[in-house]
Amino acid sequence: MWRELQPIGRHPDSGGYRRFAWTGADRDCRDWFEEQARGRGLSYELDRNGNQWAWLGDPAAGDAVVTGSHLDSVPDGGAFDGPLGVVSSFAALDELRSRNARFTKPLAIVNFGDEEGARFGLACVGSRLAAGELTVERARQLRDGDGVSLPQAMEAAGYDPDVIGADPERLARIGAFVELHVEQGRALDLSGDQVGIASAIWPHGRWRFDFRGEANHAGTTRLVDRRDPMLSYAETVLAARREAQLAGAVATFGKISVEPNGVNAIPSLVRGWLDSRAADQATLDTVVSGIEKAAREYADEHGVQLDIVRESFTPVVEFEHALRDEIARILGREKEADLKVPVLGTGAGHDAGILSGTIPTAMLFVRNPTGVSHSPAEYAAEDDCVAGVTALADVLEGLACT
Ligand code: HGY
Ligand code: MN
Ligand code: MN
Ligand code: MN
């Protein structure tokens, strides 16, 4: 299973993955998912938002236990972020079938579309649409770097964009969603555990900073005569680091676009995207307002105009305690009292986080020895992945088989 999926969308030079929503690589991942589903005799379904579902049992029966994750990636992402959750879901089903587990609830494996938001700039599009958190109007306005809209991209990929929208009936049939994910951090490596349970997702958001100055000749324009937006941008990046460090939070300017983007032209526009996250809302607000204040000062200093747009925001997610404790009981039952399964927070966003406002959701993390993610260096050892499958099978058995 893993071997068929691994080469899809992998860039030969960087070794990273470029599986962006509604592109060829995305289509190949979806074809892989459908093949895995049908190959196991599961009933395959594509929902109105392009999320893929593989059902065991009758979805209409309700109270379904759902597992899965996403298959898309960030630019040059790693092999595990998303795919480990989907592959582990199919493997856990195979494991339960080998145990002759008797399902008393419907089970589904899901692939949520466009979780990373790499192409259109908004994360978790498939789950946000399903939960009604992303309006159809806003979704239709999403554009990629070439100006292609989400509806155009969906249409070009053979999907009908006119049916996207909230899917309350589908979500109402789900009793629990459990997402297994490679840990994007080192907590399990430091604690020496193979598998952990998520407690919460930090509040996090994306802000776009548009610094507008004056294009001019790089060779003939005196420094005193310049209104160079690149200077204000550069100082703002350093301010973001300072503010985050002071608050024990994180802030990243990872994406930039420059116009006219010529080596010998002073830019007219520098557009930078800030990703900032913190353990609680108040801290995040302090960090972002500190960065905005500094950016405005730097813009004024250089005679540059600054517009700041908050493009997306996800409030703190506390995973539902009853489900989390049920999972801890299931996973902890073979362990001596003090060897409880660790519970850990994360700064990474997930579909399970988006859906937690609508249905009970939980996450399992699998140890990542370096903690590196969103990079070709992302890694999880095979025996830890196997431990993740066993844990997921135990959880699904505990929730869906009695
Ligand atoms: O950005 C995130 O935290 C997630 O990987 N989409
Ligand atoms: Mn990710
Ligand atoms: Mn992910
Ligand atoms: Mn996710």
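Residues numbered from 1 in each chain as written. Chains lettered and ligands numbered in written order. Predicted model: local features only at pLDDT ≥ 70, side-chain atom pairs only at ≥ 80, totals over all residues. Heavy atoms only, no water.

Engineer: Let's hear about the coordination of the manganese ion (ligand 2): which residues, and what values?
Structural biologist: Within the protein, the manganese ion (ligand 2) binds to Asp81 (OD), Glu116 (OE) and His374 (NE2); these donor distances fall in the range 2.1 to 2.2 Å. Site description for the manganese ion (ligand 2): donor spacing in sequence, D-x34-E-x257-H. The distance between the manganese ion (ligand 2) and the manganese ion (ligand 3) comes to 3.5 Å, and aspartate 81 binds to both of them. One end of the pair, aspartate 81, is in the loop between β3 (64–70) and α3 (83–98); the other, histidine 374, is in the loop between β15 (361–366) and α13 (382–400), with 293 residues separating them in the sequence. On the accessibility criterion, aspartate 81 (5% relative accessible area) is buried. (Donors = N, O, S within 2.8 Å, 3.2 Å for Na, K, Ca; no water. Helix = DSSP H or I, 4+ residues; strand = E, 2+ residues; numbered from the N terminus. Buried < 20%, exposed > 50% of the residue type's maximum accessible area, 1.4 Å probe, protein only.)

Engineer: Give a detailed account of the environment of glutamate 116, specifying residues and quantitative values.
Structural biologist: Among the secondary structure elements, glutamate 116 is positioned in the loop between β4 (107–112) and α4 (125–131). Sequence-wise, glutamate 116 and aspartate 72 are 44 residues apart; in three dimensions their C-alpha atoms are separated by 6.6 Å. Aside from chain neighbours lying at most four places away, what touches glutamate 116 is His70, Asp72, Ser73, Val74, Asp81, Ala123, Arg206 and His374. Within the structure, glutamate 116 has its side chain in polar contact with the side chain of histidine 374 (distance 3.4 Å). (Contact = heavy atoms within 4.5 Å. Polar contact = N/O pair within 3.5 Å; in protein donor to acceptor, adjacent residues only side chain to side chain.)

Engineer: Any details on the UniProt feature "binding site: Zn(2+) 2" (unreviewed entry) in the protein chain? Residues and values, ideally.
Structural biologist: Following the UniProt record, one finds the feature "binding site: Zn(2+) 2" (unreviewed entry) at Asp81, Glu116 and His374. Look at the named residues: they lie 294 residues apart in sequence, but the longest C-alpha span between them is just 9.8 Å, so in the fold they bunch up. Exposure remark for glutamate 116: the relative accessible area of 8% places this residue in the buried category. (UniProt positions renumbered as here; feature names shortened; annotations may be inferred.)

Engineer: Lay out the pattern of salt bridges in plain terms, naming residues and giving numbers.
Structural biologist: Considering all chains together, one arrives at 27 salt bridges under this definition. Taking the shortest distance from any N to any O, the salt bridge between glutamate 397 and arginine 99 comes out at 2.6 Å. Of this pair, glutamate 397 sits in helix α13 while arginine 99 sits in the loop between α3 and β4, and the two are 298 residues apart along the sequence. When the shortest N-O distance is used, the salt bridge between aspartate 162 and arginine 140 registers 3.3 Å. Of this pair, aspartate 162 sits in the loop between α6 (150–156) and α7 (168–172) while arginine 140 sits in helix α5 (residues 136–141); the two residues are 22 residues apart in sequence, bridging distant segments of the chain. The exposure class of aspartate 162 is exposed, given its relative accessible area of 57%. (Salt bridge = Lys/Arg side-chain N within 4 Å of Asp/Glu carboxyl O.)

Engineer: Before we move on, can you summarise the site of ligand 1 with the specific residues and values?
Structural biologist: Taken together, Glu115, Glu116, Arg277, Ala348, Gly349 and His374 are the residues near ligand 1. One of the side-chain N or O atoms of glutamate 115 is found 3.3 Å from a nitrogen atom in ligand 1. Burial of ligand 1 by the surrounding chains reaches 94%, relative to a free accessible area of 210 Å². (Near = heavy atom within 4 Å. Areas by Shrake-Rupley, 256 points an atom, 1.4 Å probe, with all protein chains shown as cover.)

Engineer: Could you give me a rundown of the environment of glycine 398, with the residues and numbers involved?
Structural biologist: In this fold, glycine 398 is placed in helix α13. Separated by 67 residues in sequence, glycine 398 and leucine 331 have C-alpha atoms that sit 9.4 Å apart. Ignoring any residue separated from it by four or fewer positions in sequence, one finds glycine 398 in contact with Glu326 and Ile330.

Engineer: Talk me through the side chain of arginine 128; I want residue IDs and the actual numbers.
Structural biologist: Examined against the element boundaries, arginine 128 turns out to sit in helix α4. The exposure class of arginine 128 is buried, given its relative accessible area of 4%. When near neighbours in sequence (up to four residues on either side) are disregarded, arginine 128 contacts Leu122, Ala123, Glu133, Leu134, Phe313, Thr314 and Ile354.

Engineer: Break down the sheet that holds strand β11 (residues 269–277) for me, citing the residues and quoting the values.
Structural biologist: Pairing is antiparallel in the open sheet, where four strands are placed in the order β9-β11-β7-β12. Every interior strand has two partners, whereas the edge strands, β9 (250–259) and β12 (305–314), have only one. Between one strand and the next, the sheet's axes are offset by a mean angle of 15 degrees, whatever the strand orientation. Direction of pairing for β9 relative to β11: antiparallel, over a ladder of nine bridges. Within the sheet, the bridge partner assigned to glutamate 259 lies in β11 and is leucine 269. The strands that helix α9 (residues 229–247) touches are β7 (204–212), β9 and β11; relative to β9, the one it contacts most, it runs at about 170 degrees. Here helix α10 (residues 281–301) sits on the sheet and contacts β7, β9, β11 and β12; the angle it forms with β7, its principal contact strand, is near 5 degrees. (Pairing = 2+ DSSP bridges. Axes fitted to C-alpha atoms, helices over the stretch in contact; angles between N-to-C directions.)

Engineer: An account of the pairing of strand β14 (residues 343–346) is requested, with residue identities and associated values reported.
Structural biologist: The alternating pattern of β14 places Leu344 and Thr346 on a buried face and Val343 and Gly345 on a face that is not buried. The pairing of strand β6 (residues 195–201) with β14 spans three bridges and is classified as parallel. Bridge pairing in β14 places isoleucine 197 opposite valine 343.

Engineer: Now, about α10: what can you tell me, with residues and values included?
Structural biologist: Compared with the 30 Å implied by 1.5 Å per residue over 21 residues, the 30 Å span of α10 between its first and last C-alpha is a close match. Among the residues of α10, those classed as buried are Leu284, Val287, Val288, Gly290, Ile291, Ala294, Ala295, Tyr298 and Ala299. For α10, the arc enclosing every buried residue in end-on projection is 165 degrees, short of the 170-degree limit, so these residues lie on one face. Residues of α10 that are exposed and point over 90 degrees away from its buried face: Lys293 and Asp300. Residues of α10 that are buried in the fold lie against β7, α9, β9, β11 and β12. Between a side-chain oxygen at the N-terminus of α10 and the backbone nitrogen of alanine 282 the separation is 3.1 Å; the capping residue is aspartate 280. Of the residues trailing α10, glycine 303 is marked for its positive phi of about 65 degrees. (Expected span 1.5 Å × (residues − 1). Arc of directions from axis to C-beta.)

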